[in-house]
Every structure is written in structure tokens, then in C-alpha cells.
Amino acid sequence: MTALKDIAKIETTGLWRADEDAQRIEVFVSVGDGSLIITDISNTALSHWALAAVRRRNPGKRPAIYAPGRDTPEELEIEDATMIDAIERIRTAIDRTRPHPGRLRVLSLLAITVTLLALALFWVPKALRDHTLSVLPGPQQVAIGQSMLSRITTLTGPACADPQGLEALRVLNARVLPQSRARIVVLPNLPKPTMHLPGGHIIVSADLLDPGSAAEAVAGHILTASLRADLYDTLSEYLTFAGFRETFRLLTSGETNPETLRRYVDLKLTRPAIEVDDSQLLDAFSARSLPVAPYACSLNRDAPQAARLVAADPFANQPAPEVLSDTDWLTLANICQ
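Residues numbered from 1 in each chain as written. Predicted model: local features only at pLDDT ≥ 70, side-chain atom pairs only at ≥ 80, totals over all residues. Heavy atoms only, no water.

Enquirer: Just checking my understanding: could you explain the state of the cysteines for this structure?
Expert: By definition, a disulfide is the covalent link that joins the sulfur atoms of two cysteine residues. Under the definition given, this model contains 1 disulfide. Through a disulfide, cysteine 160 is tied to cysteine 336; the S-S separation comes to 1.8 Å. Looking down the S-S bond of the cysteine 160 and cysteine 336 bridge, the torsion is 85 degrees, so its handedness is right-handed. Taken as a pair, cysteine 160 in the loop between α3 (138–156) and α4 (163–176) and cysteine 336 in the segment after α12 (326–333) lie far apart in primary sequence, 176 residues in all. With a relative accessible area of 9%, cysteine 160 lands in the buried category. (Disulfide = S-S within 2.5 Å. Helix = DSSP H or I, 4+ residues; strand = E, 2+ residues; numbered from the N terminus. Buried < 20%, exposed > 50% of the residue type's maximum accessible area, 1.4 Å probe, protein only.)

Following this line, the structure appears as C-alpha cells:
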């Protein structure tokens, strides 16, 4: 036995009885390879027990009382500490090799629980969010964007709405985003140059419309905001922020929680804009025949991206097509008047 690899054979005396009505007699007990043998004083074998089946009837007490099985009348009483220790070591070693259905059930239930928790924490919210985004109608996305815009205007003031300025803004929109249904809105006191909201809303700060600056710079900010809207879906970001319950509410009732939407918008106003990759920007500006240098120069001049874009401007040594006429640009610059 592995548990007794340091012992060839152990022998001792004990008291044995064949059944409950039999008288106990003194016997010799020996433990060998996988078996316990009981003999009388004349060395006649009285019983032969398989150690794998041996059970102790009084755990922790002395003398130890053993039986060859669970429900057998046969019984053996041993006082010798060495023999008791040997039998217990063998029983422990054998018990470790036995299957443990209860333990297996517990481990299986634990594994299932962990899997379900992982699904609940990671897969289910993402699946629900993706499904909601795929089935949410366009008009409802526009309405959500409008609700966000309403929250922003409570902080910045109402959208600039000079009629002639709005007409110039439509001209600029058609020049920069000819295939888009973007809804461009100019707001005063916006804490960042541009923002994009669900439903195609692009918010532009009135600070960009300085008559002394260039229309090309504003066009570049609008185009970059449109790229961000394509790359980073604000509605998906909002649903991630809102969480499982609010996403489920939007899916089933079509309603958003005003407080959750307010907290998201307030957070979005303070977050810096995500930088768009140089190659994507240059490709988009080239496709619209827009010079990139005016836009880059309106950024933080110390930003590494600004210097890279200026150096890569395809119109650095040639004139670019007109973005807005001087009249339209001056009209647009006065949209908040």
C-alpha cells in the first residue's frame, strides 16, 4: 500500500467477534497488501477483510472498533496505537482515491454559477446593447440625440438661429458632408469645439466662428466630428454608461431615464475628444477636397498630431477648392447675433 510503503507488515493482538451474539475472543491481527487478516492463537484464519471496505465505528476513541463493512455484525477491537495509526493511514489514502459525487456536484454547481455570473456580467449586457442598437428606429435615435441637445442647451444657452446664418450653415453642411443627413447646430459657450450626438447631431461651438479665422478650419472640425460619429457611436457609449436596466427599459418602452441621460451628457461635456487617426483624417479631407492645415492650426499647436497634419497637407503647395464664399462665411460667423 502506498500509505504503508515504509512498512512491510504490521501485527498486533485484538478482540474479535463474528456477530453481535458471539463472545469476544483474543486474536492476532495483521495488515498486509490491501487486506486485514484475523487469526486465532493456532494461526487459523478466522476472517479476511478488504482494507478498502473497513469502517471505524468509534472515530477518535480508544480502543478503536472496526468492522469489515457498513452494516455487518462482525467487529474487531484494537488498542495498539501503531496498528490503529497504520489502518487509519491506509483508510485515508483509499478514501482519497474514491470518487466523491457530492464534491463533484458542488464543483459542477460552482462552475455553472461562475459561468452564469460571467455571462450576466459580460456577455448579456453587451448582447442586449448590441440588439437594442440594431433594432432602435432612426427617428427614435434622433429623439434621443435631441434630448441630449436639450440638456446641453440648458447649460450653454439656446442654439444660434439667425436665418441667414442658418442658410450659410446649410451651404457649409452640403460642402463638407454632401452624402450625410447630419444635423449641424451651433451653440454658444460650448466647452469643446464640437460634439456628436445620436441621430446625426453635430454640435459646433460658436467660438470657432470667429470672422478672423478660416471657414476651412470650421469645415475641418465638422468633418472630424462626423468621422468620430462613425468610429465611436455615442448611443452605444450612452447605453454602456446607462447599464443593463436602462438599456432594457429603452428596448421595451422606447423611453430613456432623464436623470441617467443628464449625467451622461454632463460627463460627455467634460471629456476630451477622442483623437482620430492621421491616415483616416487625411483620407477624409482629401475625399472632400479640404485643406487640413487650417484645421490642424486651430488645434493645440503643441499637439504632435497638429504638426503631423500640417506637414502632410496635400494642399500645402496648391490652392484648394473654395469651402464658403466670403459673404457666406461672414454670414455664418454672425449666426449667433
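Enquirer: Is there a simple way to think about unusual backbone geometry in this case?
Expert: Glycine aside, a negative phi is what most residues show, and trans is what most peptide bonds show. Cis peptide bonds are those with omega within 30 degrees of zero, and the linkage from arginine 62 to proline 63 qualifies with -10 degrees. Position of proline 63 among the secondary structure elements: in the loop between β5 (55–56) and β6 (64–67). Despite not being glycine, asparagine 43 has its phi angle at roughly 70 degrees, a positive value. You will see that asparagine 189, though not glycine, has its phi angle at about 60 degrees, which is positive. Here asparagine 189 shows up in the loop between β8 (183–187) and β9 (194–197). Using a relative accessible area of 57% as the deciding quantity, one classes asparagine 189 as exposed.

Enquirer: Help me understand the layout of surface pockets, please; the structure alone is not making it clear to me.
Expert: It is a probe the size of a water molecule, rolled over the atoms, that shows where empty space is left. Looking at the largest pocket, its volume works out to about 410 Å³. Every residue lining the largest pocket is counted, 26 residues in all, and those nearest its centre are Ser180, Gly199, Gly200, Ala229 and Asp230. Taken together, the elements giving at least two residues each to the lining of the largest pocket come down to α3, β9, β10 (201–205) and α5 (215–231). Top contributing element to the lining of the largest pocket by residue count: α5, with 5 residues. The residue makeup of the lining of the largest pocket, split by class, is 11 nonpolar, 10 polar and 5 charged. (1 Å grid on protein atoms, 1.4 Å probe; cavity = no way out; pocket = protein on both sides within 12 Å on 5 of 7 lines; lining within 4 Å. Points joined across faces, edges and corners; volume = space filled by probe spheres on them. Nonpolar A, V, L, I, M, F, W, Y, C, P; charged D, E, K, R; others polar.)

Enquirer: What is the right way to read the side chain of asparagine 58 from this model?
Expert: Mapping asparagine 58 onto the fold places it in the loop between β5 and β6. Asparagine 58 has contacts with Pro63, Ala64 and Ile65, leaving out every residue within four places of it along the chain. (Contact = heavy atoms within 4.5 Å.)

Enquirer: How should I be thinking about the pairing of β8 in this particular structure?
Expert: Remember that side chains alternate between the two faces of the sheet whenever the strand is regular. Of all 5 residues in β8, 4 are buried; the element is thus mostly enclosed. Inspection of the sheet shows β8 paired to β10 by 5 bridges, in the parallel sense. Within β10, the position partnered with leucine 187 by the bridge is serine 205. (Pairing = 2+ DSSP bridges.)

Enquirer: Any chance you could explain the packing of aromatic side chains here in plain terms?
Expert: Any two aromatic rings considered together are summarised by their centre-to-centre distance and by the angle between their planes. Under the defined criterion, the tally for this structure stands at 3 aromatic pairs. Summarising the aromatic geometry, the rings of phenylalanine 241 and tyrosine 264 are spaced 5.7 Å apart at their centres and angled 55 degrees between planes, so their arrangement reads as tilted. With phenylalanine 241 in helix α6 (residues 234–242) and tyrosine 264 in helix α8 (residues 258–270), the pair connects residues that are 23 residues apart, well separated along the chain. For phenylalanine 241, a relative accessible area of 30% corresponds to the partly exposed category. Between the aromatic rings of phenylalanine 285 and tyrosine 295, the centroid separation amounts to 5.7 Å while the plane-to-plane angle is 40 degrees, which identifies the pairing as tilted. In this pair, phenylalanine 285 sits in helix α9 (residues 278–287) while tyrosine 295 sits in helix α10 (residues 293–298), placing the two residues 10 residues apart along the sequence. One exposure class covers both phenylalanine 285 and tyrosine 295, and it is buried. (Phe/Tyr/Trp six-rings, centres within 6.5 Å; stacked < 30°, edge-to-face > 60°.)

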